[in-house]
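Examination of the molecular architecture
Here's the letter readout for the chains.
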Amino acid sequence: MKAWGALALLLSGEALASGHDVSLGATAVVLTNGGAYNLTAPRLGLDARYTHALDTWRLGGGVRWVPRGQGALPLELYAQALLSPARGVWRPAVGLELGVSGLPIVLPPTGGFPDDLPELQSASLAPVYLAVQAQPLRFVHRAWSLSALEVQWGTPINAPGAALRVQLGLLHLGVEL
């Protein structure tokens, strides 16, 4: 009889108010290590994330897989802390992300720089980054969430400004558990 009660609770929607959300989306990452003249082409990838809503805070993390391009391990693992309205259909969010990236930041030199420049730069940059993230087009209806055109700007934490990353979250579709 307890199983029927749990099933009735789940189907009634009461369990959907838990605040646990999982989503899957498409993303594009652009990296630079020397200004606008030394950019990577946008790298498309997949982003899977989990968040837990605590009033106006959304805490969570996820993994990004960005397979195209150089790099031995094209993954990123990250944790997020975002502020977002707790009610309403339109729920934009803004906050910080701390992550570890396997994507290469250092690009081959152009314009007559020495050949060993990438090795010198990569020795000084850590894979850990800090980023500011905005999700201006995030909508929630019942148990479903949809977010489009997310923007993120970040830099390695050990050498801020030495390399920059811009990430565009193209589309995320999520469900509240």
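Before going into details, it helps to say that this report is about the structure given with it. (Residues numbered from 1 in each chain as written. Predicted model: local features only at pLDDT ≥ 70, side-chain atom pairs only at ≥ 80, totals over all residues. Heavy atoms only, no water.)

**Notes on the packing of aromatic side chains**
The full count for this structure, using the stated rule, is zero aromatic pairs. Note that R64 overlies the ring of Y78, its terminal NZ or CZ placed 4.1 Å from the centroid. (Phe/Tyr/Trp six-rings, centres within 6.5 Å; stacked < 30°, edge-to-face > 60°. Lys NZ or Arg CZ within 6 Å of the ring centre and 35° of its normal.)

**Thoughts on the pairing of strand 5 (residues 93-101)**
Of the pairings in the sheet, the one linking strand 4 (residues 75-83) to strand 5 comprises eight bridges and is antiparallel in character. Bridging from a neighbouring strand, L83 pairs with V94 of strand 5. For strand 5 and strand 6 (residues 128-135), the ladder comprises eight bridges, and the chain directions are antiparallel. Note on strand 6: the bridge partner recorded for V100 is V128. (Pairing = 2+ DSSP bridges. Helix = DSSP H or I, 4+ residues; strand = E, 2+ residues; numbered from the N terminus.)

**Brief notes about the layout of surface pockets**
Roughly 390 Å³ of volume is contained in the largest pocket. Around the largest pocket, the lining is made up of 23 residues, and of these G19, A53, A86, R91 and E176 lie nearest the centre. Contributing elements (two or more residues each) for the lining of the largest pocket: strand 2 (43-54), strand 7 (137-141) and strand 8 (144-156). Class assignment for the residues of the lining of the largest pocket results in seven nonpolar, eight polar and eight charged. (1 Å grid on protein atoms, 1.4 Å probe; cavity = no way out; pocket = protein on both sides within 12 Å on 5 of 7 lines; lining within 4 Å. Points joined across faces, edges and corners; volume = space filled by probe spheres on them. Nonpolar A, V, L, I, M, F, W, Y, C, P; charged D, E, K, R; others polar.)

**Some thoughts on the pattern of salt bridges**
Across all of its chains, the model carries six salt bridges by this definition. R49 is the partner of D47 in a salt bridge, and the nearest nitrogen-oxygen pair spans 3.5 Å. The pair formed by D47 and R49 is uniform in burial state, with each residue classed as buried. In this structure, the salt-bridge partner of R64 is E97, at a minimum N-O distance of 3.1 Å. Taken as a pair, R64 in strand 3 (residues 57-65) and E97 in strand 5 lie far apart in primary sequence, 33 residues in all. Looking at R64, the relative accessible area reads 0%, which means it is buried. (Salt bridge = Lys/Arg side-chain N within 4 Å of Asp/Glu carboxyl O. Buried < 20%, exposed > 50% of the residue type's maximum accessible area, 1.4 Å probe, protein only.)

**As for the pairing of strand 3**
Here nine bridges tie strand 2 to strand 3, and the two strands are oriented antiparallel to one another. Looking at strand 3, one finds that H52 is bridged to L59. Connecting the antiparallel pair strand 2 and strand 3 is a turn made up of two residues, with D55 showing a positive phi of about 60°. As defined by bridge partners, strand 3 adjoins strand 4 across nine bridges and the pair is classed as antiparallel. Note that in strand 4 the partner of W57 across the bridge is L83.

**As for the side chain of R91**
Residue position: R91 is located in the loop between strand 4 and strand 5. Buried charge without a salt bridge: R91, with E176 as the nearest opposite-charge side chain at an N-O distance of 5.6 Å. If near-sequence neighbours (up to four positions away) are discounted, R91 is found in contact with S84, P85, A86, R138 and V140. (Lys, Arg positive; Asp, Glu negative; His and termini not counted. Contact = heavy atoms within 4.5 Å.)

**Looking at unusual backbone geometry**
For residues other than glycine, phi is negative in most cases, and the peptide bonds are mostly trans. In this structure, D55 takes a positive phi of about 60° despite not being glycine. Mapped onto the secondary structure, D55 falls in the loop between strand 2 and strand 3. Despite not being glycine, R142 has its phi angle at roughly 55°, a positive value.

**Things to note about the environment of S18**
Along the chain, S18 turns up in the loop between helix 1 (2-12) and strand 1 (20-32). Judged by its relative accessible area of 28%, S18 is partly exposed. Between the C-alpha atoms of S18 and L54, which are 36 residues apart in sequence, the distance is 9.8 Å. Every residue in contact with S18, bar those within four places of it in the chain, is listed here: H52, E176 and L177.

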